[in-house]
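Notes for the structure review
Single-letter residue listing:
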Amino acid sequence: MKNPKLQALLAVALTFAALWCLLAWDPFRHLRDVFVDPAQEEAKISLLFTDPNTQEVSDGQHPLESLRKLESNWCNVTKEARYILTGNSQTFSVLLAPSEAVATEEADRTYPDLLLDRLTAAGAKVHGYRLSAPNISYMEVLWYLNYLLVHPCLIPGEFVIQLNFETFRKTGVREGMFELLEDPDFASAIKQEARSNAPYANTLQQAIDQYASRIAKEKGTQTSSISKTGITEARGFGSAFETTTRIALDHLSWLRSRGQLKAELLDFLYLARVNLLGITPTTKRSLGGGPLTTNLSSLERIGELCRRNGIRLVFFNAPQNPNAPLYRTTADREQYQQIISGLARQFAQGYFDFENSIPGPLWGVWIDGPDPIHFGRAAHRRLADLMFEQGMISGEK
Amino acid sequence: MQFNSYSYLLVLLVSVLLFWNLPVRFRHAYVLILSILFYASWNVYFLIVPVIMCVIVFWSSSKIRDGGSAGQRALWAGIAGIVAILGVFKYGHFIAENLSSLSTWLGLAPLPLAWRLALPLGISFYSFEAISYLLDTRQGRVKSASFRDLFLFIMFWPHLIAGPIVRTRELIPQLKFDKPFESRFVFTGLDRLLLGLVQKNLIANTIGGWVDEGFLPKAAALNTTIDNWALAVAFGIQIYFDFAAYTNMAIGAAQMIGITLPENFRFPYHAANPVDFWSRWHMTLSRWIRDYVFFPLNAGLQHKKLRLYVSLVGVMGVVGLWHGAAWGFVLWGLMHGIYLASYRAFENWRGEQTPQPLALRFAVRLITLCAVVAAWVPFRAVSLEQAMTMLKSMFLSFSFGFSFSVNFYLMALIWCLWIALEPTFSKLLNLVGEPDRPGLLGAFNGYLLRPGGYAVLLLVFMVFDDRDTQFIYFQF
């Protein structure tokens, strides 16, 4: 082509055409599928029992709507016993054990659902709610608890926390939970927490700052957040223009898929890590450093808040797969046991240890072998039965 | 308007299209308007500062051209004016804060702190460019005397916020915008722009999340030696890709309208020694400091080694302070000053002409890399106390263990490997060649290879899109 302007324009047009093709073709899904074993995909149950009256259904991505619904429900039953159970993806996933049949037509229930069913069947007048999220950290549990405490209808009689070796390694507050800051009472309470000297305070402050910055960008307003260099962030019409552009682009269906593409790419990278580098979900690990300290301080604060507000705090040690223990050394296991028993002694009115309650054959199989976190149908039933039989939920108001 | 935002990319595309269809005589004004709008998109009031600075520089440079002692006085008055503006906006609060601490320490009443001024974006960068304009004028290197050229030299949007710090002779002659269109402007511009987008969104932003977490004040004290080294390396990766991304996007955007900006990076982590590092890292700042501060300060003092070393450390301390009004930056600069002076002393001791054996060369390279990485700790830490705690854990008080997710260490390792292979990648990319060559190869390059590559880079940019992050050097 002789005309250089046409040449450049054609190349730009071809770029957008190629981008459109890529988005439509979804390359990351194809990449991911290289590593996915269809049998394992089937073992991961997707048809799960869902009930917004007893579960936070967004898994931490948009909890505000769920909590507002819960508030409207619970304000009608303030005189009855209510409990909230919180934990990681173990509380809302079913990964079938090799001996279990493939999915049925009926939606599967996980142990928090089954426990509530048992309690209801036994005639207990109790309202339960599962407030879980994948890879939840105890800073996030503290975040949630602060929200509950500023809404009198949401203050439970019992607050049940799943203790899990893996959770002590998680940090931060996910972006999805920032939206709770829309509530002025909660925002004020969490800012108070962030001003404390506790190790978790920085994490909460970071979440508050990120949210303020995001809102300022969306609205094109000026924030008062000051960086290390003294810069006071200022936002002019550029930010408002960017918001408008994003809203306009979101009307294009082929552009909207980028969130899904990211999830698929991350899945692919995770599977590549497991398959190519041999760093697997069952790779042994230790607890320590900042993540341990911030989680520990969060749990201590949760204990103080529950005591102050007359909430019965219950800890349960989550089941561990005997075929895939996560502890790197015996010392790691002992350290973990010491930490949780110490916490339980100091703060909990109830402590239940289910670490060895699920036999190996009832656990799911994931990628490289026995799954360390998730288990199958029978295990969920067994755990719910144990929780019921041991009276984990007292039914106190 | 961030470089890695959708709105900027769309506006850039339309602006470039319009630019090449405008008559040459309108292009100067057009680019100036675009630059003003770009800067005002953050805060319209910010515009006042560069305008005032340009007025001072224009007045001063007119007097300088007249020559004589009045010219000399105008030069110093101009520089003093620029430094005063920079000082008030950037260091006013810092000075007041430190004076107040000193006064409290002496048992006196604390001073009332000055109200905090919003720091206009890019003030450190365009202040240096304004000073170089005055000095170049004094040396007779600035041919144009027009305010329009001066204003666009300062305001030209690609380099306005975070460099590269351009010289008058590099940019002003190009501001005629009289080059005829060539398709390679768009291709090479897009190469750099899209590379920058990916460096920012895929690398700098993703590793930045881990760095933020690791440097949280109360948690950092609990990190192990391995964690702290990993965090220092991770921040080294983040700041390199963040700044290189900005520079690539700046160079790319300028290239798309036919303007060539100077390079700022040349594989800095491949430096053979501390002196070499500063010829590869933020190259336009290094040469500015060298030409306008270090050489004039040390003219004729080559034989006074000690004074040279002290001056080197002092100048690098100022370079640190240039980055921001905090002691961490000063410490970072001083550390680099000590590295440079130590290496100079070592070279003098060995004799500069003596060839170094391979093992020694390797050792110097490794020590340089470790020293550069360690210096990032005070640069990133939120306080001197935190920096000291982390440095102590890295060098004196060892503890072992991995506190963060394996993904963090793995990511740091992967990007380290990437950095190690960067020169090789660069050579491979050069093999792709120019898109405007005639024949089938040119067509393959321009209509298949490049659009395909661009689409992949755009996809990665979109997938890792994160509106909540900004460029680190926007703060300076």
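Structural notes, computed from the coordinates.

For chain B, the helix and strand inventory stands at 19 helices and 0 strands. A compact globule built from 476 residues should have a C-alpha radius of gyration of about 23 Å, and chain B, at 24 Å, falls within 12% of that. By its C-alpha atoms, chain B is 65 × 60 × 50 Å across when sized along the principal axes. The burial tally for chain B puts 57% of its 476 residues in the buried class. A fraction of 75% describes how many contacts in chain B between residues 6 or more apart in sequence connect residues 24 or more apart.

For the rest of this paragraph, the subject is the pairing of strand β4 (residues 312-317) of chain A. A regular strand carries its side chains on alternate faces of the sheet. Residue and element names in this part refer to chain A. Taking burial as the measure, the 6 residues of β4 include 6 buried ones, the bulk of the element. Two strands pair when backbone bridges link them, and strand β3 (residues 158-163) and β4 are joined in this way by 6 bridges, in the parallel orientation. The partner of Glu 158 across the bridge, within β4, is Arg 312. Summarising the sheet, β4 and strand β5 (residues 350-353) pair through 4 bridges and their orientation is parallel.

This part is about helix α9 (residues 183-214) of chain B. Residue and element names in this part refer to chain B. Taking 1.5 Å as the rise per residue, α9 with 32 residues should run 46 Å; its terminal C-alpha atoms sit 45 Å apart, in good agreement. Along α9, the helix axis deviates most sharply at Ala 204, where the bend reaches about 35 degrees. Taken across its 32 residues, α9 has 24 buried, putting it largely inside the fold.

Our focus in this paragraph is the side chain of Ser66(A). For Ser66(A), the position within the fold is in helix α4 (residues 63-74). Ser66(A) sits in the buried class, given a relative accessible area of 8%.

Below, the discussion takes up the pattern of salt bridges. Residue and element names in this part refer to chain A. Counted by the stated rule, this structure contains 24 salt bridges over all chains. Where Glu 140 meets Arg 174, a salt bridge forms, and the shortest distance between an N and an O atom there is 2.8 Å. Within this pair, whereas Glu 140 is found in helix α6 (residues 138-149), its partner Arg 174 is found in the loop between β3 and α7 (184-194), the two being separated by 34 residues in sequence. No difference in accessibility class separates Glu 140 from Arg 174, as the two residues are buried. A salt bridge links Lys 170 to Glu 166, with the nearest nitrogen and oxygen atoms 3.3 Å apart. With respect to burial, Lys 170 and Glu 166 carry one shared label: buried. Sharing partners across several salt bridges, the network here consists of Arg 32, Asp 33 and Asp 267.

Time to look at the pairing of β3(A). The buried count for β3(A) comes to 6 of 6 residues, which makes it a mostly enclosed element. Side chains of β3(A) alternate between two faces, with Glu158(A), Val160(A) and Gln162(A) and Phe159(A), Ile161(A) and Leu163(A) buried alike.

With that settled, consider the interface of chain B and chain A. At the interface, 72 residues of chain B touch 67 residues of chain A. At the boundary of chain B and chain A, one finds 1 salt bridge. Close ionic contact of Asp465(B) with Arg246(A) constitutes a salt bridge, the shortest N to O distance being 2.9 Å. For the pair chain B and chain A, the number of links is 10 residue pairs in polar contact (both at pLDDT 80 or more). At the level of secondary structure, the elements contributing two or more residues to the side of chain B that touches chain A comprise α1 (6-21), α2 (24-40), α9, α10 (217-220), α16 (358-380), α18 (406-432) and α19 (439-463) of chain B. Residue classes in the side of chain B that touches chain A are distributed as 47 nonpolar, 16 polar and 9 charged.

A few words on the environment of Gln199(B). Residue and element names in this part refer to chain B. Relative to the assigned elements, Gln 199 resides in helix α9. By relative accessible area, Gln 199 is classed as buried at 7%. Taking the C-alpha atoms as reference points, Gln 199 and Trp 76, 123 residues apart in sequence, are found 41 Å from one another. Among residues more than four places away in sequence, those in contact with Gln 199 are Ala 204, Phe 241, Ala 244, Ala 245, Asn 248 and Glu 422. For Gln 199, the side chain forms a polar contact with the side chain of Asn 248, separated by 2.8 Å.

Residues and elements named next belong to chain A. A full pass over the atoms with the stated rule returns 1 disulfide over all chains. Covalently, Cys 75 is tied to Cys 153 through a disulfide, its sulfur atoms 1.9 Å apart. Because the sign of the S-S torsion sets the handedness, a value of about 105 degrees for the bond joining Cys 75 and Cys 153 places this disulfide among the right-handed ones. Of this pair, Cys 75 sits in the loop between α4 and β1 (81-86) while Cys 153 sits in the loop between α6 and β3, and the two are 78 residues apart along the sequence. By relative accessible area, which is 33% here, Cys 75 ends up partly exposed. Left unpaired, Cys 306 is separated from the closest cysteine sulfur, that of Cys 153, by 18 Å.

What follows is about the nonpolar core. Core analysis: the biggest nonpolar cluster contains 168 residues, and Phe156(B) and Trp157(B) have the highest contact counts within it. Top element by residues in this core is helix α11 (residues 225-256) of chain B. It accounts for 19 residues. The contacts of Phe156(B), once residues within four sequence positions are left out, are Val31(B), Ser35(B), Leu171(B), Ala254(B), Ile257(B), Ile259(B) and Leu261(B). Ranked by size, the runner-up nonpolar core spans 60 residues in total, among them Leu131(A), Val173(A), Leu292(A) and Leu326(A).

Right, let's get into the sheet that holds β4(A). Residues and elements named next belong to chain A. Spatially, the 5 strands line up as an open sheet ordered β2-β1-β3-β4-β5, and their pairing is parallel. A single partner strand is all that each edge strand has here, and the edge strands are β2 (126-130) and β5. Each neighbouring strand pair of the sheet contributes to a mean axis angle of 15 degrees, computed without reference to strand direction. Lying on the sheet, helix α5 (residues 111-121) is in contact with β1, β2, β3 and β4; it crosses β2 at an angle near 175 degrees.

Residue and element names in this part refer to chain B. Position of Leu 152 relative to the elements: it lies in helix α6 (residues 147-155). Residue Leu 152 is classed as buried on the basis of its relative accessible area, which comes to 0%. Those residues in contact with Leu 152 that sit more than four places away from it in its chain are His 28, Val 31, Leu 32, Ser 35, Leu 175 and Phe 177.

What follows covers the packing of α16(B) against helix α17 (residues 384-395) of chain B. The relative placement of two packed helices is expressed as an angle between their axes plus a distance between the axes. Residues and elements named next belong to chain B. It is the contact of α16 with α17, at a shortest axis distance of 8 Å, that shows an interaxial angle of 155 degrees. Judged on the interaxial angle alone, α17 and α16 are roughly antiparallel. Between α16 and α17 the crossing geometry is right-handed. Of the residues in α17, those in contact with Ala 374, Val 377 and Pro 378 of α16 are Ala 387, Met 390, Leu 391, Met 394 and Phe 395. The residue inventory of the contact of α16 with α17, partitioned by class, reads 8 nonpolar, no polar and no charged.

Moving on to unusual backbone geometry. Notably, Asp26(A) is not glycine yet its phi reads approximately 60 degrees, a positive angle. A relative accessible area of 8% places Asp26(A) in the buried class. Of note, the phi angle at Phe267(B) is positive, near 45 degrees, even though the residue is not glycine. Looking at where Phe267(B) falls in the secondary structure, it is placed in the loop between α11 and α12 (274-278).

Attention now moves to a nonpolar patch on the surface. Residue and element names in this part refer to chain B. A cluster of nonpolar residues, Ile 95, Leu 99, Leu 102, Trp 105, Leu 106 and Leu 108, forms a patch on the protein surface that exposes about 680 Å² of accessible area. Mapped onto the elements of the fold, Leu 102 is located in helix α4 (residues 68-105). Using a relative accessible area of 43% as the deciding quantity, one classes Leu 102 as partly exposed.

What follows is about the packing of aromatic side chains. Where two aromatic rings form a pair, the distance of their centres and the angle of their planes describe that pair. Under the criterion given, the structure shown has 61 aromatic pairs over all chains. Their ring planes at 80 degrees and their centres at 6.2 Å tell us that Tyr39(B) and Tyr126(B) sit as a pair that is edge-to-face. Here Tyr39(B) is found in helix α2, whereas its partner Tyr126(B) is found in helix α5 (residues 123-138), with 87 residues between them in sequence. Here Tyr39(B) matches Tyr126(B) in class, with each residue buried. Sitting over the face of the ring of Phe49(A), Arg109(A) holds its NZ or CZ atom 3.8 Å from the ring centroid. Across from the ring centre of Trp322(B), 5.7 Å away, lies the NZ or CZ of Lys90(B), which sits over that ring.

So, how was this worked out
Residues numbered from 1 in each chain as written. Chains lettered and ligands numbered in written order. Predicted model: local features only at pLDDT ≥ 70, side-chain atom pairs only at ≥ 80, totals over all residues. Heavy atoms only, no water. Helix = DSSP H or I, 4+ residues; strand = E, 2+ residues; numbered from the N terminus. Rg over C-alpha atoms; globule rule 2.2 N^0.38 Å. Buried < 20%, exposed > 50% of the residue type's maximum accessible area, 1.4 Å probe, protein only. Contact = heavy atoms within 4.5 Å. Pairing = 2+ DSSP bridges. Expected span 1.5 Å × (residues − 1). Bend = angle between axes of the 7 residues up to and from the residue. Salt bridge = Lys/Arg side-chain N within 4 Å of Asp/Glu carboxyl O. Polar contact = N/O pair within 3.5 Å; in protein donor to acceptor, adjacent residues only side chain to side chain. Nonpolar A, V, L, I, M, F, W, Y, C, P; charged D, E, K, R; others polar. Disulfide = S-S within 2.5 Å. Core = buried A, V, L, I, M, F, W, Y, C linked by side-chain atoms within 4.5 Å. Axes fitted to C-alpha atoms, helices over the stretch in contact; angles between N-to-C directions. Parallel < 35°, antiparallel > 145°, perpendicular 65-115°, else oblique. Left-handed = near helix turned anticlockwise from the far one by under 90°. Patch = residues over 30% accessible without salt bridge, like charges linked within 9 Å, V, L, I, M, F, W, Y side chains within 5 Å. Areas by Shrake-Rupley, 256 points an atom, 1.4 Å probe, with all protein chains shown as cover. Phe/Tyr/Trp six-rings, centres within 6.5 Å; stacked < 30°, edge-to-face > 60°. Lys NZ or Arg CZ within 6 Å of the ring centre and 35° of its normal.

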